[in-house]
Amino acid sequence: MISPFNDEYFMKKALEEAEMAYEKGEIPVGVVVVINDRIIARGHNLTETLNDITAHAEMQAITAAANFLGGKYLLNCTMYVTLEPCQMCAGALYWSQIPKLVIGASDPNRGYRKFGVQLHPKTEVKSGIMETECGDILKRFFIEKRNLN
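Definitions and limits used
Residues numbered from 1 in each chain as written. Predicted model: local features only at pLDDT ≥ 70, side-chain atom pairs only at ≥ 80, totals over all residues. Heavy atoms only, no water. UniProt positions renumbered as here; feature names shortened; annotations may be inferred. Helix = DSSP H or I, 4+ residues; strand = E, 2+ residues; numbered from the N terminus. Contact = heavy atoms within 4.5 Å. Polar contact = N/O pair within 3.5 Å; in protein donor to acceptor, adjacent residues only side chain to side chain. Buried < 20%, exposed > 50% of the residue type's maximum accessible area, 1.4 Å probe, protein only. Salt bridge = Lys/Arg side-chain N within 4 Å of Asp/Glu carboxyl O.

The name given to the protein in an unreviewed UniProt entry is tRNA-specific adenosine deaminase, with the source organism recorded as Christiangramia crocea. UniProt, in the comment section headed Sequence similarities (unreviewed entry), describes the protein in these words: "Belongs to the cytidine and deoxycytidylate deaminase family. ADAT2 subfamily." The annotation that UniProt attaches to the protein under Subunit (unreviewed entry) is "Homodimer."

A. The UniProt feature "binding site: Zn(2+)" (unreviewed entry) in the protein, seen in detail. Under the UniProt annotation, "binding site: Zn(2+)" (unreviewed entry) lies at His56, Cys86 and Cys89. What stands out for the annotated residues spanning 34 residues is how close their C-alpha atoms remain, the widest pair being 9.2 Å apart. By secondary structure assignment, the location of histidine 56 is in the loop between helix 2 (47-50) and helix 3 (57-69). In contact with histidine 56, other than residues within four places in its own chain, are Asn45, Thr47, Cys86, Met88 and Cys89. At 3.3 Å, the side chain of histidine 56 and the backbone oxygen of isoleucine 53 are in polar contact. Mapped onto the elements, cysteine 89 comes out in helix 4 (residues 87-96). Ignoring sequence-local partners within four residues, the contact set of cysteine 89 consists of His56, Glu58 and Met59.

B. Highlighting the environment of glycine 70. Tracing the backbone shows glycine 70 in the loop between helix 3 and strand 3 (78-83). The exposure class assigned to glycine 70 is exposed, which follows from its relative accessible area of 68%. It is 31 Å that separates the C-alpha atoms of glycine 70 and glycine 116, two residues lying 46 residues apart in sequence.

C. Broad picture of the pattern of salt bridges. Across all of its chains, the model carries 4 salt bridges by this definition. As a salt-bridge pair, glutamate 19 and arginine 140 come within 3.4 Å of each other at their nearest N and O atoms. With glutamate 19 in helix 1 (residues 7-23) and arginine 140 in helix 5 (residues 131-148), the pair connects residues that are 121 residues apart, well separated along the chain. Judged by relative accessible area, which is 35%, arginine 140 ranks as partly exposed.

D. Region of the structure containing the environment of alanine 64. Structurally, the position occupied by alanine 64 is in helix 3. Residue class for alanine 64 comes out partly exposed when judged on its relative accessible area of 28%. For the pair alanine 64 and glutamine 97, spaced 33 residues apart in sequence, the C-alpha to C-alpha distance is 15 Å.

E. Seen up close, unusual backbone geometry. Even without glycine at this site, aspartate 37 takes up a positive phi of about 60°. Mapped onto the fold, aspartate 37 is located in the loop between strand 1 (30-35) and strand 2 (38-44). What makes aspartate 37 partly exposed here is its relative accessible area of 41%. If you check the backbone angles, asparagine 51 has positive phi at about 50° while not being a glycine.

F. Representation of the UniProt feature "domain: CMP/dCMP-type deaminase" (unreviewed entry) in the protein within the structure. As annotated in UniProt, the feature "domain: CMP/dCMP-type deaminase" (unreviewed entry) corresponds to residues 5-115 in the numbering used here. Between the C-alpha atoms that bound residues 5-115 there is a distance of 33 Å. The span itself is 40% helix and 23% strand.

In structure tokens:
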């Protein structure tokens, strides 16, 4: 039997988190952390809500996953994120030793790759999963934001 769980399935769940951020007026980035085809943590941007520049979706999900696992390392986990992590979040992912990162849309302006930030040497990165959908929600958000100002 073919498993219904694949990269697109989990990226859709991350996009649901991005929609929650969008509805709150936050930059719409969403994340899920998965182990053995089970979502153990979710997150979306909360920087405006919490008035905290570190409250990125990835940071929220790393904390939630570590709490679920009872330890600081996200071994055997996969993070699905709708936008390429920034250098701060990439640093946290490095220290979490997450073995797999799946990215929706790239971020050529603020993504960790632009700055040469390295993830943990054992972290596998897969990019471009549902890239159009992940990019569209961001484009829609910023167009609306510009039109309001």
